[in-house]
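# Coordinate analysis (summary)
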2 protein chains.
Amino acid sequence: MYSSELIKGTLKTIVLNLLKEQGRMYGYEITQRVKDLTNGKIQITEGALYPTLHSLEKSGELETEKEYLGKRVRKYYTLTEQGQTTASQKVNELTEFMQTMKFLLDLDPQLGNA
Amino acid sequence: MYSSELIKGTLKTIVLNLLKEQGRMYGYEITQRVKDLTNGKIQITEGALYPTLHSLEKSGELETEKEYLGKRVRKYYTLTEQGQTTASQKVNELTEFMQTMKFLLDLDPQLGNA
DNA sequence: TTGTATACATAAGATTGTTATGTATATTTG
DNA sequence: CAAATATACATAACAATCTTATGTATACAA
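Thresholds, definitions, all that
- Residues numbered from 1 in each chain as written.
- Chains lettered and ligands numbered in written order.
- Predicted model: local features only at pLDDT ≥ 70, side-chain atom pairs only at ≥ 80, totals over all residues.
- Heavy atoms only, no water.
- Core = buried A, V, L, I, M, F, W, Y, C linked by side-chain atoms within 4.5 Å.
- Buried < 20%, exposed > 50% of the residue type's maximum accessible area, 1.4 Å probe, protein only.
- Contact = heavy atoms within 4.5 Å.
- Least-squares fit on C-alpha atoms with pLDDT ≥ 70 in both.
- Salt bridge = Lys/Arg side-chain N within 4 Å of Asp/Glu carboxyl O.
- Helix = DSSP H or I, 4+ residues; strand = E, 2+ residues; numbered from the N terminus.

This part covers the nonpolar core. In terms of nonpolar packing, the biggest core is built from 56 residues, with Ile30 and Met101 of chain A together with Ile30 and Met101 of chain B touching the most fellow members. Apart from the residues lying within four places of it in its own chain, the contact partners of Met101 of chain A are Thr10, Ile14, Ile42, Leu94 and Met98 of chain B.

Written as structure tokens, this is what we have:
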């Protein structure tokens, strides 16, 4: 598990990117998928995820449809067109940021990028 | 300039690493060095830096000596032994986190690490 | 002499996470 | 079958950490 400060600021990007690749997911599924994909190293808490999903929906990046499994409810999220654009931008920004950080930490001196 | 959320959680690592490489720096110098090294893409604000330096000093990672240039004061920071250990740990953690994030964002599918 | 740079510091406010709690159904296990 | 665990949503109190604004003070450039 990584110290939680690191995850700050990347959560929206993770969610948007996952939805871009998977097409349609519900909240709980996102937490499990991220946990699986990272061998438990990144664990999104529900207290962080649900407010983030609501916020992304409010700002027009996501739309929802409810589905009923027997009596239980699931809220599926999909990217809007705007959300697709935002997803790409966020991923690009994070990628560039990580390259800059690598350079700053002298981990990839040969790259010479900044 | 990167959106500021991304910098959250990496500031301590940046500072500790810089001091590890440079040996001795003062606050303002750190802001300028980071700005230069990243072509202005990462700009540490003083409102973020000084509290961080004070916190790192309080927790025993840094020690200070004052220097006077005429009438002006400068506070030079150096890593303690504990600070050197912390610096390495933080850099390692951030590096691993970035690899995990890369994998999660599917930027390096061939690596297969997580 | 006025603006910009250097150099420190702190406080109010915003953002975004953790931890705790709540509700409710479904499934597994002793 | 009862109890624990997993699924699935949600929100609130609290904490950490950043931005923005403000303050003090000296040095230098236009």
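The next thing to look at is the relation of the copies chain B and chain A. Of the two same-sequence chains, chain B is brought onto chain A (RMSD 0.0 Å, axial shift 0.0 Å) by a rotation of 180°. The operation mapping one copy onto its partner corresponds to a two-fold rotation axis. Most of the interface of chain B is mirrored in chain A: 100% of its interface residues are interface residues there too.

A complete count under the given rule lists 6 salt bridges over all chains for this structure. A salt bridge links Arg33 of chain A to Glu29 of chain A; the shortest N-O distance between them is 3.2 Å. Note that Arg33 of chain A and Glu29 of chain A are positioned in helix α2 (residues 27–37) at a spacing of 4 residues, about one turn of the helix. Put simply, Glu65 of chain B and Arg24 of chain B hold a salt bridge, and the shortest N to O gap is 2.8 Å. Here Arg24 of chain B lies in the loop between α1 (11–22) and β1 (25–26) and Glu65 of chain B lies in strand β2 (residues 62–69), a separation of 41 residues in the sequence. Accessibility expressed as a relative area gives 30% for Arg24 of chain B, which makes it partly exposed.

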